[in-house]
Amino acid sequence: MISPEAVQFFLMLLRKESGLALDESKKYLLETRLEPLAAQEGYASINDLYMAVRNTNNSLLRQEVVDAMTTNETSFFRDRMPFDIFKNEVIPDLIKRNERSRRIRIWCAACSTGQEPYSLAMELASMSAKMPGWNIKILGTDITEAVLKKAREGTYSQHDIQRGLPTPYLIRFFKQSGMNWVLNSDLKRMVEFKRLNLLSNFSWIGQFDIVFCRNILIYFDVETKKTVIGRIGGVLAPHGALFLGGSETLLGIDNPFVRAGGMKGKYYHLNGAPAPVR
Ligand SMILES: C[S@@+](CC[C@H](N)C(=O)[O-])C[C@H]1O[C@@H](n2cnc3c(N)ncnc32)[C@H](O)[C@@H]1O
């Protein structure tokens, strides 16, 4: 059984390194996720893992603890509605707004194994006739290198495919390889993946027309949410759109965003709706 000191240590470590705000009621989660890691790393128990992490400067082991505790749940076109709004409202608006630069930049913060940015890439590829010659880049970032590796490979199991991917997109964008499905290289090339901790100061990453930051804020405390959302405001273009997860809200957090699209989907503009384009 995990000792009270180990519980306190891991809760503090997770909050500091990844923003994951758990309390003691989630002791079972520490046990179910860190016991396998302890065994894999050759420690007799989770308490021995705690001693090892506490007493060494082994940053790799710390990272493994953080990685083991992250929830990487994702799927293609998760919740569907944000992707419809993306395709039917936000991109058509950008086609007018960015007519001169013919450039669109999208960031999927906390993209896990890549289904979210690739869903956006598939929607954009299916609209390519409306935007010939446009320069479109999608950046996918996550704190965990293992999920980014899978995202870069673009290879998904039958189970991954069955969760949300429309059949016409499967036929058009994937090839079967044994039991798996491999995304085609044109689609893969639309997305670049990088490791990025949302707790870090990411003001260097550039400016984006659209940010998807979905199903990650729920794990943060109010202060961390406020900091991360404020920084996202700093890298979003003035007309930009921010998409959050279905159960996430900015209520009660001092922030520069105003909800758009009525009750249809969780998306926001900076300081209210941008002036319409002619
Ligand atoms: C539940 S998944 C959400 C994936 C996708 N956005 C979606 O909605 O389907 C949350 C992801 O956030 C990542 N994550 C956790 N803490 C993070 C942090 N501090 N910075 C960046 N990513 C983080 C996890 O590794 C995980 O892949």
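Numbering of residues begins from 1 in every chain and follows the order in which that chain's sequence is written. Whole-chain, interface and lining totals are the exception, using all residues; otherwise, since this is a predicted model, local features are given only for residues with pLDDT of at least 70 and side-chain atom pairs are given and counted only at 80 or more.

Caption draft 1: Region of the structure containing the overall build of the chain. Scanning the chain for helices and strands turns up 11 helices and 10 strands. C-alpha atoms define the radius of gyration in this analysis, and the globule rule sets the expected value at 2.2 Å times the number of residues to the power 0.38. In terms of overall size, the chain behaves like a compact globule, its C-alpha atoms giving a radius of gyration of 20 Å where 278 residues would be expected to give roughly 19 Å. C-alpha atoms of the chain, sized along the principal axes, occupy 65 × 50 × 30 Å. Here the chain holds 278 residues, and the buried ones make up 35% of them. Residue pairs qualify as contacts under a 7 Å threshold applied to their C-beta atoms, which are placed from the backbone. Residue pairs at least 24 apart in sequence account for 73% of intrachain contacts in the chain once pairs closer than 6 positions are excluded. Secondary structure elements are defined from DSSP: runs of H or I of at least 4 residues count as helices, runs of E of at least 2 residues count as strands, and each element is numbered from the N terminus. Residues with at least 20 neighbouring C-beta atoms inside 10 Å of their own are called buried, those with 12 or fewer are called exposed, and the rest are partly exposed, where every C-beta is derived from the backbone.

Caption draft 2: Structural context of helix 1 (residues 4–18). By this rule the span expected of a helix is its residue count minus one, scaled by 1.5 Å. Helix length check: helix 1 (15 residues) gives 21 Å between terminal C-alpha atoms against 21 Å at 1.5 Å per residue, within 8%. Along helix 1, the positions that sit buried rather than exposed are Ala6, Phe10, Leu14 and Ser18. Burial along helix 1 is one-sided: seen end-on, the buried residues are contained in an arc of 65°. Set apart from the buried face of helix 1 by more than 90 degrees, the exposed residues are Pro4, Glu5, Gln8, Met12 and Lys16. Against helix 2 (27–40), helix 3 (46–55) and helix 4 (59–69) lie the buried residues of helix 1. Directly beyond the C-terminal end of helix 1, a positive phi value near 90° is found at Gly19. Along the arc lie the directions from the helix axis toward the C-beta atoms.

Caption draft 3: Structural context of the site of the ligand. Every one of the 23 residues lining the ligand counts as a neighbour, but Thr74, Ala110, Ser112, Leu198 and Asn215 are closest to it. Taken together, the residues of the shell around the ligand break down into seven nonpolar, 11 polar and five charged. To decide nearness, the C-beta atom of each residue is placed from the backbone, and the residue is near a molecule or strand if that atom lies within 6 Å of it. Three residue categories are used. Nonpolar comprises Ala, Val, Leu, Ile, Met, Phe, Trp, Tyr, Cys and Pro, charged comprises Asp, Glu, Lys and Arg, and polar comprises the others, including Gly.

Caption draft 4: The sheet that holds strand 6 (residues 191–195), seen in detail. Pairing in this open sheet of seven strands is mixed, and the strands run 6-2-1-7-8-10-9 from one edge to the other. Every interior strand has two partners, whereas the edge strands, strand 6 and strand 9 (257–260), have only one. For this sheet, the mean inter-axis angle between neighbouring strands, taken without regard to orientation, is 25°. A pair of strands is treated as paired once DSSP finds two or more bridges between them. Across three bridges, strand 8 (residues 236–244) lies against strand 10 (residues 267–270) in antiparallel orientation. Note on strand 10: the bridge partner recorded for Leu242 is Tyr268. As a rule, the C-alpha atoms of each element are fitted with a line to give its axis, helices using only the stretch in contact, and angles between N-to-C directions run from 0 to 180 degrees. Along the sheet, helix 6 (residues 115–126) contacts strand 1 (103–109), strand 2 (135–142), strand 6 and strand 7 (208–213); its crossing angle with strand 2, the most-contacted strand, is approximately 170°.

Caption draft 5: Fine view of the packing of helix 5 (residues 81–97) against helix 6. Direction vectors running N to C along helix 5 and helix 6 enclose 35°, while the axes themselves pass 10 Å from each other. Here helix 5 and helix 6 pass one another in a crossing that is right-handed. Residues Phe83, Phe86 and Lys87 of helix 5 form the contact with helix 6, whose participating residues are Ser119, Leu120 and Glu123. Looking at side-chain class alone, the contact of helix 5 with helix 6 contains three nonpolar, one polar and two charged residues. If you view the pair so one helix is near and one far, a crossing is left-handed when the near helix is turned anticlockwise from the far one by less than a right angle, and right-handed when it is turned clockwise.

Caption draft 6: A look at helix 6. The end-to-end C-alpha distance of helix 6, which contains 12 residues, comes to 16 Å, matching closely the 16 Å that a straight helix rising 1.5 Å per residue would cover. Most of helix 6 sits out of view: nine of its 12 residues are buried. The complete set of buried residues in helix 6 reads Gln115, Glu116, Pro117, Tyr118, Ser119, Leu120, Ala121, Met122 and Leu124.

Caption draft 7: Representation of the sheet that holds strand 3 (residues 155–157) within the structure. Strand order in this open sheet of three strands is 3-5-4, and the pairing throughout is antiparallel. Single-partner strands in this sheet number two, and they are strand 3 and strand 4 (174–177). Here the average twist between neighbouring strands, direction ignored, is 35°. Alignment of strand 3 against strand 5 (residues 180–183), held across three bridges, turns out to be antiparallel. Counterpart to Thr155 in the pairing with strand 5 is Val182.

Caption draft 8: Representation of the nonpolar core within the structure. One finds Ile106, Ala109, Val211, Cys213 and Leu242 to be the most contacted residues of the largest nonpolar core, which totals 54 residues. In contact with Val211, other than residues within four places in its own chain, are Trp107, Ala109, Ile232, Leu236, Gly240 and Leu242. By definition, a nonpolar core groups buried Ala, Val, Leu, Ile, Met, Phe, Trp, Tyr and Cys residues that connect through C-beta atoms lying within 7 Å of each other.

Caption draft 9: Here's a closer look at the domain arrangement of the chain. What counts as a domain boundary in this text is fixed by an automatic or database domain assignment. Per the domain assignment, the segments of the chain are domain 1 (4–69) and domain 2 (81–270). For domain 1 and domain 2, the distance between their C-alpha centres works out to 30 Å. Listed per partner, the contact involves six residues of domain 1 and 10 residues of domain 2. The residue makeup of the side of domain 1 that touches domain 2, split by class, is three nonpolar, two polar and one charged.

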